[in-house]
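# Structural overview
Residue strings, one per chain:
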Amino acid sequence: MSTSVQSPSPELLQSASLPGPLAPAAAAGEVARAAALTLMAVSTIPVGTNPVGLAFIPNGNLYVANSGSNNVQTIDTTTDSVIGAAIPTGTTPAWLTVAPNGNAYVPNNISNNVTVIDTATSTVLTTIPLSGGPAAATVIPSGNVYVSRFGANSVQEIAVATNTPIGPAIPTGAGPVGIAVAPNGKAYVANRNGNSVTVIDTATATVVTTIPGFNQPNFVAIGPSGDAYVANIGSNNVTLVNTTTDTIATTIPVGTNPWGITVGPDGHAYTANRGSNNVSVIDTTTNTTIGAPIPVGSQPIALVVAPNNKVYVTNIAGASVSVIQFPPTINTITPNSGPITGGTVVTITGTNLTGASVDIGGNPATGVTVNSTGTQLTATTPPGAAGPADVTVTTPGGSTTVVGGFTYVLPVHATSLTATPALTKLFPPHVYFPFLTATLTDTVTGLPVPGQTIVFHIGSNLMGTGTTDAQGTARLNETLLLSIILLNGGYDASFAGATTPTAILSPSSDHAGVIEP
């Protein structure tokens, strides 16, 4: 399988002329401009030749457009592997999108058309002729699709109900590629050859303004605030555009030649840095990069983030898609205590929990299930020793531990103490049996409790103590105590309660009289 970039139309996918040297490697121990970002796992999915665009389809799987193979493949995002047959497209498919009706729209740059795919059946519905080197597609608020025409310096709207172009072409700057729509309904078009961004009112399909000051802008993503992040191939940075005023707010340095940009559910922006073969992560709250760039495959060009925060990156020269999974985090554990016998269903919230296993006190929990966004899991605790236990969550991206995150508690068992009457002859007084006895039973298990101290007393007067034997019975010689027992008409036995390795035993007591056989 070839990994070189096949000759697409007027430099849409070419990188040979791009300026900017590779960024120097970070010095040992160097931390980039914000808090360090720990990465544990990057896996690779082989796909067709020269993959470019990525788009999630309604069932959660992922389409990848292979510009060199002239097809679209489906990636199962559960197994991160290609499934099913490749779907044929036109020549040089580029950046695709999926409309609300479930159809995928694939711009074919060389054959000057757009392939429409039914994502439910992965079959081609129709092909829409569209001249001017269609490059990238995106959905606008009406549900229709905008397609940039790289060679015609315009954007064309396609009606998804009829799969036909509607209205006149909307003029842009030179070489339009990526398009993103802000919450205010305005579309932002990156004009790579014009070093500008065209702003379109999607309600009227008219140009609002053109923003200058970019350097080979290629793709656009909308951040949590509604502002636009524009990746500049030529200046190795991202420009932040205030979508209220349509002015440049700031620039953020990233890796070399960022071609693609997207924003994930965690609010971070991610850039595909084709010149340095890595991905930069931007904190959109502070608009600074997090940690060192993440190495991926050869010439990363586009990327998307799944609801569970896994990042998928196309490597145009590597015939592959890199999958970045970040280490898990734990926010809460509920409940955080349960019996030593296990069986407590706990809910753990956090991030990046997809594919997790859970250990509690070094023992594996069972029945682990994770929600689709990777932010919550449930698991059943194993048996454990009384006291605090560490909780460890492990995923393909790494592991995290909450020290003493779950406490095993002993169950409370009620007890029953049965004292036997003193056997004695009243006249003249003497004992028939020299011992007082009291038997301790665990009422939960029904078993005798050995090794526990029983106190024999008359009111507040202590007569003595005994320890329960294997049958749960404690004994006290009554020979010297007979007179006081007779005077008070009996005696009392009591158990103060105790903690054993398996349970907390509740206190119990009993009163026994005097009988003459």
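Predicted model only: the values in this text are computed from it and were never measured.

Quick notes on the rules
Residues numbered from 1 in each chain as written. Predicted model: local features only at pLDDT ≥ 70, side-chain atom pairs only at ≥ 80, totals over all residues. Heavy atoms only, no water. Helix = DSSP H or I, 4+ residues; strand = E, 2+ residues; numbered from the N terminus. Buried < 20%, exposed > 50% of the residue type's maximum accessible area, 1.4 Å probe, protein only. Polar contact = N/O pair within 3.5 Å; in protein donor to acceptor, adjacent residues only side chain to side chain. Phe/Tyr/Trp six-rings, centres within 6.5 Å; stacked < 30°, edge-to-face > 60°. Pairing = 2+ DSSP bridges. Axes fitted to C-alpha atoms, helices over the stretch in contact; angles between N-to-C directions. Contact = heavy atoms within 4.5 Å. pLDDT = per-residue confidence, 0-100.

## Describing the side chain of Asn308
Locating Asn308 in the fold gives a position in the loop between strand S27 (300-305) and strand S28 (311-315). Using a relative accessible area of 11% as the deciding quantity, one classes Asn308 as buried. At a separation of 3.1 Å, a polar atom in the side chain of Asn308 contacts the main-chain amide nitrogen of Lys310.

## Concerning the packing of aromatic side chains
A full pass over the atoms with the stated rule returns 5 aromatic pairs. For the ring pair Phe56 and Tyr312, a centre distance of 6.2 Å and an interplane angle of 80 degrees mean the geometry is edge-to-face. Placement of Phe56 in strand S2 (residues 51-56) and of Tyr312 in strand S28 is noted, with a sequence separation of 256 residues between them. Ring centres of Tyr270 and Phe326 lie 6.1 Å apart, and the angle between their planes is 35 degrees; this geometry places the pair in the tilted category.

## Examining unusual backbone geometry
Note that the residue after Thr334, namely Pro335, is joined by a cis bond; omega there is -15 degrees. Among the structural elements, Pro335 can be located in the loop between strand S30 (329-334) and strand S31 (337-339). Phi is positive for Asn277, close to 55 degrees, though the residue is something other than glycine. Its location among the elements puts Asn277 in the loop between strand S23 (268-273) and strand S24 (278-283). With phi around 50 degrees, Ala319 is a residue other than glycine that occupies positive phi space. Inspection of the secondary structure puts Ala319 in the loop between S28 and strand S29 (320-325). We classify Ala319 as buried; its relative accessible area is 6%.

## Remarks on the sheet that holds strand S3 (residues 62-66)
Taken in spatial order, the 4 strands make up an open sheet running S2-S3-S4-S5, and their pairing is antiparallel. Whereas interior strands pair on both sides, the edge strands pair on one side only; in this sheet they are S2 and strand S5 (81-88). Ignoring strand direction, the axes of neighbouring strands in this sheet form an average angle of 25 degrees. Bridge count for S2 against S3 is 4 bridges, and the pairing is antiparallel.

## What to know about the side chain of Asn108
With respect to the helices, strands and loops of the structure, Asn108 is situated in strand S7 (residues 103-108). Given the relative accessible area of 0%, Asn108 is considered buried. Of the polar contacts made by the side chain of Asn108, one reaches the side chain of Thr115; its length is 2.8 Å. Those residues in contact with Asn108, other than ones at most four positions away along the chain, are Thr89, Gly90, Thr91, Thr92, Pro93, Asn113, Val114, Thr115 and Pro134.

## Structural notes on the environment of Thr375
On the secondary structure map, Thr375 appears in the loop between strand S35 (366-370) and strand S36 (376-380). Distance from Thr375 to Asn308, taken between C-alpha atoms, is 7.3 Å for residues 67 residues apart in sequence. Residue contacts for Thr375: discarding those within four places in its chain leaves Ile348, Thr349, Gly350 and Leu353. Within the structure, the side chain of Thr375 is placed 2.8 Å from the side chain of Thr373, a separation counted as a polar contact.

## Details of the confidence of the model for the protein
When pLDDT is low, close inspection of the predicted coordinates is not appropriate. On average, residues of the protein score 91 in pLDDT, and 91% of them reach the 70 mark or higher. Within the model, the stretch residues 1-10 combines pLDDT values under 50 with 32 contacts to residues more than four positions away or in other chains. A low-confidence stretch, residues 16-40 (pLDDT under 50), is modelled with 48 contacts involving residues beyond four sequence positions or located in other chains.

## With respect to the sheet that holds S30
Read from one edge of the open sheet, 4 strands run S30-S32-S36-S35, paired in antiparallel fashion. In the strand order of this sheet, the two ends are held by S30 and S35, each with one partner. Within the sheet, the average angular offset between the axes of one strand and its neighbour, ignoring direction, is 20 degrees. By the bridge criterion, 5 bridges tie strand S32 (residues 345-351) to S36 in an arrangement that is antiparallel. Note that in S36 the partner of Thr347 across the bridge is Thr378.

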